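So you can see what is in the structure, the chains are spelled out below.
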Amino acid sequence: MNPRTARGSEPLVDGVETAVYTVPTDAPEGDGTLAWDSTTMVVVQVRAGGVTGLGYTYGAAATAQVVAEQLADAVTGLSAWDIPAANEAMTRTVRNAGRPGLVAGAVSAVDIALWDLKARLLDLPLTRLLGASRTDVPVYGSGGFTTYDRHQLDRQLRHWTEEQGIPRVKIKIGESWGRAERRDRERIARARHTIGDAPELYVDANGGYGRKQAIRIACHLDEHGVTWFEEPVSSDDPAGLAQIRAAVAPEVTAGEYGYTLAYFGQMLGAGAVDCLQADVTRCGGITVWLRAAALAEAAGLELSGHCAPHVHAHAAAAIPNLRHLEWFHDHTRIEDLFFDGTLDPQGGSVRPGADGAPGHGLTLRTDRAEKYRTG
C-alpha cells in the first residue's frame, strides 16, 4: 500500500500557492455587452503528502488575494480526502466577504486543485476517482466574436467544422446591447452559409437583448437553423428567460453566472432554461458543479459546461445528463499554451483520462507561462 494512503497517515493540506497570468488576446474580442483585449488566469496549487494539485479560474487578479488571505488558512490542515468538508469550510469563511463573483472564483480554483490533488495522491485519473458515465465528452466550438470581420469569422468557423470536425459551433450576437440587430442578422446568415447545413449553429447574446427583441430575432434564428439561444436576456432575469423560452423555437440556455447552488435551483424552479449551464471555475468548483448537474437531472434537463474545458472534462465525463462542453477559443488558446496534457477535440469530442495520467492530467509549463505572470 502506498504509505500516503495507509491508515494513520492521512494526507493533510500543508500549502496553498497562487499565481496570476494575463495573456493578450490574438485579436480584439467582444460580445453583446463587453469587449476585451486580454484574459487573466489565476492558478492555485495545493500541496499534501508531497504531492501538488492544480486548479485555476479566469477572472480578476484580486481572486489570488482572496485565496491567499481567506481561503488558504481555511483548508490548511484539513484532510486531502475530504473535499466537501474543505469546500464547506471555504464557504463559511467568506460569508461576510460575499460569495458571488471573484470570491466564488477563488473557492472554485481551490476546490479544483483539491480534486486534482486527491486523484494524484491515489495515482488515478480524476475521471476514475469520480466514476465515469461516459468515455467521450462532446464539445462545441465557441468564439465568433462581434469584433471579428467576415474573414476572421469564416476562418474560425471553418477551422472548427472542416479542420477539427466539430459538428456544433457558436457565435456572439446582441452586439452593442442589441443596438446592432441588422449586423447580428447578417452574421447569423453568414455563419450558416460558411458551415453549411449539417453542423449545429448556436448563438450567444450575453444578455444584450430586451425580452420582446429576443423573441423577434428568434424568428431569424429559426430561419437559419439555430438551435441554441444563450442568454437572450440577462441571466439575472429568470422570468424573462422563461417568457422567451415559451415563445421561441431554439433552446434557451443560461447559468454561466451561477455562483451558488441556490442560483441553479432558482433558475430551474423558474422554468428559465431548456439546458442548464454551469461553470466549474465560478460555481464553487467540481464539488458544486456535480451538485448542479444533479439538480438539472432531477428537473429532467441536461447540463452544459461553460468555458475552461480542460478543468471541466473529467467532471463532465462523470455525469449522465451532460450535453457538452464549450471549446472556447480564448481559453483553449491559453490552456494549450500553458499546460502539457491538454485534450484533442478532433471529431467533436474529447476523452479525459484516456492516457492514464493522474488527476486532470494538466501540468503547468512554467517556462511558457512565466512571461505572462503579473502576480
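Higher on the page you've got the structure.
Residues numbered from 1 in each chain as written. Predicted model: local features only at pLDDT ≥ 70, side-chain atom pairs only at ≥ 80, totals over all residues. Heavy atoms only, no water.

Engineer: Describe the packing of helix α1 (residues 62–75) against helix α3 (residues 102–121), listing the residues and the values that go with them.
Structural biologist: Packing of α1 against α3 brings their axes to within 9 Å, and their N-to-C directions diverge by 55 degrees. Taken together, the axis directions place α1 and α3 in an arrangement best described as oblique. Crossing of α1 against α3: the hand is right-handed. On α3, the residues touching Ala 62, Thr 63, Val 66, Val 67, Leu 71 and Val 75 of α1 are Leu 102, Val 103, Gly 105, Ala 106, Val 107 and Val 110. (Axes fitted to C-alpha atoms, helices over the stretch in contact; angles between N-to-C directions. Helix = DSSP H or I, 4+ residues; strand = E, 2+ residues; numbered from the N terminus. Parallel < 35°, antiparallel > 145°, perpendicular 65-115°, else oblique. Left-handed = near helix turned anticlockwise from the far one by under 90°. Contact = heavy atoms within 4.5 Å.)

Engineer: I'd love a proper account of the sheet that holds strand β3 (residues 51–58), names of residues and values included.
Structural biologist: As a general point, the strands of a sheet are linked pairwise by backbone hydrogen bonds and lie either parallel or antiparallel. Strand order across the open sheet formed by three strands is β1-β2-β3, with antiparallel pairing between neighbours. In this open sheet, the two edge strands, each paired with only one partner strand, are β1 (13–30) and β3. If you compare each strand with its neighbour and ignore which way they point, the axes differ by 20 degrees on average. When strand β2 (residues 35–48) meets β3, the two strands line up antiparallel, connected through eight bridges. Considered in β3, the bridge of Gln 45 is made with Leu 54. Seen against the sheet, α1 touches β1, β2 and β3 and runs at an angle of roughly 155 degrees to β1. On the sheet, helix α13 (residues 329–338) packs against β1, β2 and β3 and is oriented at approximately 125 degrees with respect to β1. (Pairing = 2+ DSSP bridges.)

Engineer: Tell me about unusual backbone geometry, and name the residues and values.
Structural biologist: Despite not being glycine, Ser 176 shows a phi value in the positive range, around 55 degrees. As for its placement among the helices and strands, Ser 176 is situated in helix α6 (residues 175–178). Notably, Ala 308 is not glycine yet its phi reads approximately 35 degrees, a positive angle. Residue position: Ala 308 is located in the loop between β10 (303–305) and α12 (309–318). Residue classification places Ala 308 among the buried residues on the basis of a relative accessible area of 0%. (Buried < 20%, exposed > 50% of the residue type's maximum accessible area, 1.4 Å probe, protein only.)

Engineer: Outline helix α10 (residues 261–269), listing residues and values.
Structural biologist: Inspection of α10 places Tyr 263, Phe 264, Met 267 and Leu 268 among the buried residues, and these make up the whole buried set. Here the buried residues of α10 occupy an arc of 130 degrees about the axis, which is enough to place them on one side. Turned more than 90 degrees from where α10 packs its buried face, Gln 266 and Gly 269 sit exposed. Where α10 is buried, its residues touch α9 (238–247), β8 (251–254), β9 (275–278) and α11 (286–298). (Arc of directions from axis to C-beta.)

Engineer: Kindly report on the environment of Thr 39, identifying the contributing residues and their values.
Structural biologist: Here Thr 39 shows up in strand β2. Thr 39 sits 14 residues away from Thr 25 along the chain, and the two C-alpha atoms are 6.9 Å apart. Non-local contacts of Thr 39, meaning those with residues more than four positions away in its chain, are made with Tyr 21, Thr 22, Val 23, Thr 25, Tyr 58, Asp 330, His 331 and Ile 334. A polar side-chain atom of Thr 39 sits 2.4 Å from a polar atom in the side chain of Asp 330. (Polar contact = N/O pair within 3.5 Å; in protein donor to acceptor, adjacent residues only side chain to side chain.)

Engineer: Residue-level account of the environment of Leu 343, with values.
Structural biologist: Mapped onto the elements of the fold, Leu 343 is located in the loop between β12 (339–340) and β13 (349–350). In the structure, Leu 343 is positioned 16 residues away from Gly 359 in sequence and 14 Å away in space, judged by C-alpha atoms.

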